[in-house]
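# Observations on chain architecture
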Amino acid sequence: ALVSAILVGVLVAAAALALHALVDPQRLKKAARDRALAAWERELLMGDVELSLFPRPSLRAAKVAVANPAWAKEPHLLQAEDVRADLELLALLTGKVRIKSLALDGVKAALEVAEDGAVSWELKPAEAVKRAPEAPSDASEALQIASVEIRNARIVHREGREPSEPWLVEEARVESAPGHRDVRVEARLKHHGRALQVKARLEDLSALGDQGAATTGEVILDWGGDARLEARGRLPLGKSLRGMDVDAVLDAKSLQGLLAFFGFERGKTAPLHVKVKAVEDGGHVALRGIAAKLGALAVSGEGRISTGAKKQVYAS
């Protein structure tokens, strides 16, 4: 027991020395700003940064903000009142800084779409980064974050002059294996005053945003027990919806709460059950094996949704 206590004391002392030697707050702030500007041509603002060893090695930063592109109406893409990064103890002992988990509180996100279709949240690599040869770096290794927690987040989407009704994230947690694989998501959201519980498990998000990328997985949306949507199969990771092959089932005691979540106030409806297979087909979404029942009314057939600039729905 005495030997174990001594070893623990030595490890703690070594970690403390390593933490203060490796992570200088001012140097860290400058390095983070320089890297964000070089990699994405976005300004990163950061308030006070504190270091602590107990109960675990961690960094805490206040008033963190990432700038929006110049054309956006809001100056910041993302703001967080408090950011905490927990560090891996063993990595510190070997002279490396690796973030084990990240927690953000008091988040504000402003997502905007320009007239030409550009989106403010797409962090494209700067030209200098594109031309640079690819090589593993300590920075990329440090950002293999196993878990991310978000609390008290407000997300506003703006397309045109007026922003839409904000989405409120009461709490969200994302866990993943290295390389953004085996991703698990749990979140509690609110929209138009209505609650939504989200659960998802996704096999591989390493190609998120790439055209034609997709992953095997499942997503479950639960509107307070009144309505529940389950989708499983090949889920698209890009705006083109390429690779989609999803089986979906919607069960609702009434559509009243579900419609209110999206801002449509309606009276109580009969129970609804819908089963459908959605497959990307030549730039469109084909709906196969539709089986729906609203109260005593039963409907079956096929359909197609156009994914172009003008959305059109065909059904038979």
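Residues numbered from 1 in each chain as written. Predicted model: local features only at pLDDT ≥ 70, side-chain atom pairs only at ≥ 80, totals over all residues. Heavy atoms only, no water.

Let us look at the pairing of strand 11 (residues 227-236). On a regular strand, one side chain projects to one face of the sheet and the next to the other, so that they alternate. Bridge count for strand 10 (residues 214-223) against strand 11 is 10 bridges, and the pairing is antiparallel. Within strand 11, the position partnered with Ala214 by the bridge is Pro236. Pairing analysis gives eight bridges linking strand 11 to strand 12 (residues 245-252), with the strands arranged antiparallel. In the sheet register, Arg234 faces strand 12, and the bridge partner there is Asp245. (Pairing = 2+ DSSP bridges. Helix = DSSP H or I, 4+ residues; strand = E, 2+ residues; numbered from the N terminus.)

Before going further, it helps to spend a moment on the nonpolar core. In terms of nonpolar packing, the biggest core is built from 33 residues, with Leu196 and Trp223 touching the most fellow members. The contacts of Trp223, once residues within four sequence positions are left out, are Ala195, Leu196, Arg228, Leu229, Leu258, Phe261 and Phe262. If you look at the next biggest cluster of nonpolar residues, it comprises 14 residues, including Leu235, Met244, Ala248 and Val285. (Core = buried A, V, L, I, M, F, W, Y, C linked by side-chain atoms within 4.5 Å. Buried < 20%, exposed > 50% of the residue type's maximum accessible area, 1.4 Å probe, protein only. Contact = heavy atoms within 4.5 Å.)

This paragraph deals with the packing of aromatic side chains. Summed over the entire model, instances satisfying the criterion amount to three aromatic pairs. Both rings, one in Trp223 and one in Phe261, keep their centres 6.1 Å apart while their planes meet at 75°; by these two values the pair is edge-to-face. In this pair, Trp223 is assigned in strand 10 and Phe261 in helix 6 (residues 256-261), connecting sequence segments 38 residues apart. Overall, the relative accessible area of 7% leaves Trp223 in the buried class. (Phe/Tyr/Trp six-rings, centres within 6.5 Å; stacked < 30°, edge-to-face > 60°.)

Mean pLDDT for the protein: 82, with 82% of residues reaching 70 or above. In this model, residues 128-140 is a region of pLDDT below 50 whose contacts with residues beyond four sequence positions or in other chains number four contacts. (pLDDT = per-residue confidence, 0-100.)

Attention shifts here to the side chain of Arg158. Looking at the secondary structure, you find Arg158 in strand 6 (residues 147-159). By relative accessible area, Arg158 is classed as buried at 12%. Not counting residues up to four positions away in its chain, the partners in contact with Arg158 are Lys73, Glu74, Leu111, Glu112, Val113 and Pro163.

Attention now goes to the pairing of strand 9 (residues 194-204). In terms of strand pairing, strand 8 (residues 181-191) meets strand 9 through 10 bridges, oriented antiparallel. When the bridges of strand 9 are listed, Glu186 appears paired with Lys199. Taking the residues between adjacent antiparallel strands as the criterion, strand 8 and strand 9 are bridged by two residues, where His192 takes a positive phi near 55°.

Take a nonpolar patch on the surface next. On the surface, a nonpolar cluster with roughly 260 Å² of combined accessible area is contributed by Leu294, Leu297 and Val299. Tracing the sequence through the fold places Leu297 in strand 15 (residues 297-306). The exposed category is assigned to Leu297, whose relative accessible area is 53%. (Patch = residues over 30% accessible without salt bridge, like charges linked within 9 Å, V, L, I, M, F, W, Y side chains within 5 Å. Areas by Shrake-Rupley, 256 points an atom, 1.4 Å probe, with all protein chains shown as cover. Salt bridge = Lys/Arg side-chain N within 4 Å of Asp/Glu carboxyl O.)

Next up on the list: the side chain of Asp86. Along the chain, the position of Asp86 falls in strand 4 (residues 76-87). Residues within four places of Asp86 in sequence aside, it is in contact with Arg56, Pro57, Ser58, Arg98, Ile99, Lys100 and Ser101.

Next up on the list: the pattern of salt bridges. For the structure shown, the criterion picks out 20 salt bridges. Lys190 is paired through a salt bridge with Glu170; the nearest N and O atoms lie 3.7 Å apart. Placement of the pair is Lys190 in strand 8 and Glu170 in strand 7 (residues 167-177), with a sequence separation of 20 residues. A relative accessible area of 30% places Glu170 in the partly exposed class. Residue Asp204 is joined to Arg181 by a salt bridge in which the shortest nitrogen-to-oxygen separation is 2.7 Å. Taken together, the residues Asp204 in strand 9 and Arg181 in strand 8 connect sequence positions 23 residues apart. For Arg181, a relative accessible area of 42% translates into the label partly exposed. Through salt bridges that share partners, Glu149, Arg173, Glu175, Asp182, Arg184 and Arg201 make up one connected network.

Let us look at unusual backbone geometry. Even without being a glycine, Asn152 presents a positive backbone phi close to 55°. Considering the arrangement of structural elements, one finds Asn152 in strand 6. Notably, His180 is not glycine yet its phi reads approximately 60°, a positive angle. Its location among the elements puts His180 in the loop between strand 7 and strand 8.

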